[in-house]
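Next come the chains, spelled out residue by residue.
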Amino acid sequence: MKKEIYGVITFKSTNHAIKGEKALKNININIKTIPTPREITSSCGLSIKFDLDDLLKVKEVIKENELAIKGIYKTIRKGLNKKTIEI
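None of the values given here were measured: they were computed from a predicted structure.

Engineer: Lay out the nonpolar core in plain terms, naming residues and giving numbers.
Structural biologist: With 15 residues, the main nonpolar core has Ile9, Leu24, Phe50 and Val58 as its most contacted residues. Elements that contribute at least two residues to this core include exactly strand E1 (3-11), helix H1 (14-26), strand E3 (46-50) and helix H2 (55-64). With four residues, H2 is the single largest residue contributor to this core. Residues within four places of Phe50 in sequence aside, it is in contact with Tyr6, Gly7, Val8, Ile9, Asn30, Ile31, Leu55, Val58 and Ile72.

If you want it as structure tokens, here you go:
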């Protein structure tokens, strides 16, 4: 089975998620807007999935755009197993 490792950013509001999506796309970071995974929080909302190789750029964009985030997570998925840790 293939192992997939990626980052997830959770936001304090949908507005900040949309602002973050635009800012990250503007600097050509490959992202995907996803529903916030249940293993991170039970509240609904939007999150951004990204390649962990871009973590430093992502952190810079968050700081420069003053995005209100809840956290940044690393997710490891192999088959039906999924592990998420805050980074």
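Engineer: Any chance you could break down unusual backbone geometry for me, citing the residues and the numbers?
Structural biologist: Across the chain, the bulk of peptide bonds are trans and the bulk of non-glycine residues have phi less than zero. Its identity as a non-glycine residue notwithstanding, Asn28 has a phi of 60°, on the positive side. Within the fold, Asn28 resides in the loop between H1 and strand E2 (31-35). The exposure class assigned to Asn28 is exposed, which follows from its relative accessible area of 70%. Unlike most non-glycine residues, Glu66 shows phi in positive territory, near 50°. Within the fold, Glu66 resides in the loop between H2 and strand E4 (69-78).

Engineer: Kindly report on the packing of aromatic side chains, identifying the contributing residues and their values.
Structural biologist: Tallied over the full model, the rule gives zero aromatic pairs. Lying over the aromatic face of Tyr6, Lys49 brings its terminal NZ or CZ to 4.3 Å of the ring centre.

About the criteria used
- Residues numbered from 1 in each chain as written.
- Predicted model: local features only at pLDDT ≥ 70, side-chain atom pairs only at ≥ 80, totals over all residues.
- Heavy atoms only, no water.
- Core = buried A, V, L, I, M, F, W, Y, C linked by side-chain atoms within 4.5 Å.
- Buried < 20%, exposed > 50% of the residue type's maximum accessible area, 1.4 Å probe, protein only.
- Helix = DSSP H or I, 4+ residues; strand = E, 2+ residues; numbered from the N terminus.
- Contact = heavy atoms within 4.5 Å.
- Phe/Tyr/Trp six-rings, centres within 6.5 Å; stacked < 30°, edge-to-face > 60°.
- Lys NZ or Arg CZ within 6 Å of the ring centre and 35° of its normal.

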